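If you want the building blocks of each chain, they are given just below.
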2 protein chains.
Amino acid sequence: MTTIRDVAKHAQVSVATVSRVLNQKGYVSKQAEEAVLAAIKELDFRPNAVARTLYNKSSRMIGLILPDITNPFFPELARAVEDIALTYGYTVVLCNADEDIKKERNYLEALKQKYVDGIILTTNQLSFAEVDKVGVPMVALDRIIGDQIPTVVSANKEGAEMATTHLIESGCKFIAHLRGPKGLATADDRLHGFRKVVEKAGVASIVGEADFYFEKSEQVTRDLLEQHPSIDGIFASSDVTAAGAMKAVNRMGKRVPEDIQIIGYDGIPFGEMLVPSLTTIAQPIYEMGATAARLLIKLIEKKPIEGSYFELSTNLIVRETTKRKEEIE
Amino acid sequence: MTTIRDVAKHAQVSVATVSRVLNQKGYVSKQAEEAVLAAIKELDFRPNAVARTLYNKSSRMIGLILPDITNPFFPELARAVEDIALTYGYTVVLCNADEDIKKERNYLEALKQKYVDGIILTTNQLSFAEVDKVGVPMVALDRIIGDQIPTVVSANKEGAEMATTHLIESGCKFIAHLRGPKGLATADDRLHGFRKVVEKAGVASIVGEADFYFEKSEQVTRDLLEQHPSIDGIFASSDVTAAGAMKAVNRMGKRVPEDIQIIGYDGIPFGEMLVPSLTTIAQPIYEMGATAARLLIKLIEKKPIEGSYFELSTNLIVRETTKRKEEIE
DNA sequence: TTGAAAGCGCTAACAG
DNA sequence: CTGTTAGCGCTTTCAA
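Since we're looking at a predicted model, the values are computed, not measured.

(A) Representation of the sheet that holds strand β12 (residues 315-317) of chain A in the model. Residue and element names in this part refer to chain A. Strands sit in the order β7-β6-β8-β9-β10-β12 across an open sheet of 6 strands; the sheet is mixed. Looking at the sheet topology across the chains shown, the edges are occupied by β7 (204-209) and β12. Across the sheet, the mean angle separating the axes of adjacent strands is 20° when strand polarity is ignored. Pairing analysis gives 6 bridges linking strand β6 (residues 174-179) to β7, with the strands arranged parallel. Looking at the pairing, A176 lines up with I206 of β7.

(B) Representation of the protein's contact with DNA strand D. Every one of the 28 residues lining DNA strand D counts as a neighbour, but A:R20, A:S29, B:I4, B:N48 and B:R52 are closest to it. Among the atoms of DNA strand D close to the protein, meaning within 4 Å, 64% are from sugar or phosphate groups. Within the contact set of DNA strand D, a base oxygen lies 2.3 Å away from a side-chain nitrogen or oxygen of A:R20. Between DNA strand D and the protein, one listed contact pairs a phosphate oxygen with a side-chain N or O atom of A:K57 at 2.8 Å. If you list the elements that add at least two residues to the surface near DNA strand D, you get α2 (15-23) and α4 (49-56) of chain A together with α2 (15-23) and α4 (49-56) of chain B. Grouping the constituent residues of the surface near DNA strand D by class yields 15 nonpolar, 8 polar and 5 charged.

(C) Representation of the packing of aromatic side chains in the model. Residue and element names in this part refer to chain A. All chains considered together, the criterion is met by 7 aromatic pairs over all chains. For the ring pair F194 and F235, a centre distance of 6.2 Å and an interplane angle of 40° mean the geometry is tilted. Here F194, found in helix α9 (residues 185-201), pairs with F235, found in strand β8 (residues 233-236); they are 41 residues apart in sequence, far enough to count as distant. The exposure class of F194 is buried, given its relative accessible area of 0%. Among the aromatic residues, ring-to-ring pairing joins F194, F235 and Y265 into one connected group.

Quick notes on the rules
Residues numbered from 1 in each chain as written. Chains lettered and ligands numbered in written order. Predicted model: local features only at pLDDT ≥ 70, side-chain atom pairs only at ≥ 80, totals over all residues. Heavy atoms only, no water. Pairing = 2+ DSSP bridges. Helix = DSSP H or I, 4+ residues; strand = E, 2+ residues; numbered from the N terminus. Axes fitted to C-alpha atoms, helices over the stretch in contact; angles between N-to-C directions. Near = heavy atom within 4 Å. Polar contact = N/O pair within 3.5 Å; in protein donor to acceptor, adjacent residues only side chain to side chain. Nonpolar A, V, L, I, M, F, W, Y, C, P; charged D, E, K, R; others polar. Phe/Tyr/Trp six-rings, centres within 6.5 Å; stacked < 30°, edge-to-face > 60°. Buried < 20%, exposed > 50% of the residue type's maximum accessible area, 1.4 Å probe, protein only.

Pasting the structure below:
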């Protein structure tokens, strides 16, 4: 391994000078600079990131802790975060907490130990206190940890209202909502949006708990449908959940959208892969990730931030699992 | 931040002693040890990972470079790698190269700079020479970089043979294969397996290039079907590709499996989410990831390895996109 | 058993 | 403009 000393020797200058040209800081004569640059090239020298980190207490890395890398929503989010981070010269370290609070804790600790400059959390099992004491700039993404932590989410309640309204406009008379995990603010908000609309419209409704898992969703949908055969619309709280519902509907010999209309939530590419393709509320996934990344970087660089709570709006994508109103008239 | 010095002072011993108890190395009196342990607890001291890494030139991290985090096959693989690595006390750093050779190169360099102890590569755009000169223990997973690099793959050719045989036994007379990217050994092997079986059976066949992308697969399938309306079986080289084919078939007003039978390759949960659910060749994804991780760790720890090429066998999972032979008789 | 001190590779005072 | 030197926090000789 070639070090800054080797370069200094080779270029016949001191290590300080080499460091100066490396960091473009302080005065260096044209001549010295050239000698150093030449030596660097000749020796194929690359400054040791660990040594730098140790001294600077900064690694130009940001950690991204995901709850479940297996749910395609999160990889999408990760892509956006990575894109922006790279733009600003930060590397992102992906951590998969696997819905396990212990792993979450470990990663938080490990990242801090590695002197990451900041962390984006898409998990919220940890309490604010626990997260806060890590003492590294953080932003919460798609999950809410506390109002002390800058947060980026989508407009879950409005999205849910849109979804529910769409089902009603499409003629549904009895709508089931497959809600996400209890206590998860995003899931609760979607439920509230749903409730608000069905109540206002006086449409029959029921709620099942599907968390965000396919299998659970399939099972819950089946149970719901058995008990309430007149259900004709399902608002699933994620696209994966919607897929579970579709499967259940299909297994029970009913058709989508003829017998039962289904709308998902997320807007991941996955929805288009289904047959029939999934009508859904698209979150601005890329924008969410990008916003969180930019926000975190501002925090890191101690630049002013304009607000600490960003709620990005969603939009309805009508595909094949719901019928437009006109078609049923 | 509390350092080893603080602990030493607190415990009234030297930093060397603290280091000894931290690493359980060298002689330490019972008394000293207890004092140190107490001080550590009291001060909530955690050794600085970066400083350790700098000295040891080892970080107990392994890098995992994925080509496309958005294809659900890779997150599955990542989970397995993580599981095993954690077991052995290694942390894994996920890197998403995004099918971009530049990012791949950057990550390779960055990981080396961070003193990762080893790297698992699931990409192969880089040449052996380029990969080799990084000088960090490596294993290739699901991709082949060269016979100098220990490799873990599944039995692609056999898997493809099974898939094709299954379609023939299910009554297909004209089978299309949606192949993966040219030059990718796994994709080439699947093609060869396909060819071998159709030729031997004298079944009509055709090959389309779908890479591993949904959209491309949908388009290619559509083209193939327009030109050859008598195609009645499709062997897709990945589950995502199969989904694209299903979509195309559906769009063209044909039914799966009645008109066209489809079999995928991978065995990711995604296949079960489709309607009808996807018959597929399941790779032992978890085993693959686990094997690669164990192999790499042996390499890192300079333990003997039993072989440098591991080909794990696949197996057929019959679901709804193909019909059993009996049913068609 | 223990501690002093050198050094992992780099940065930044500070003095020249 | 440039070099010397003292660390960043930890590990490991080496001598006591």
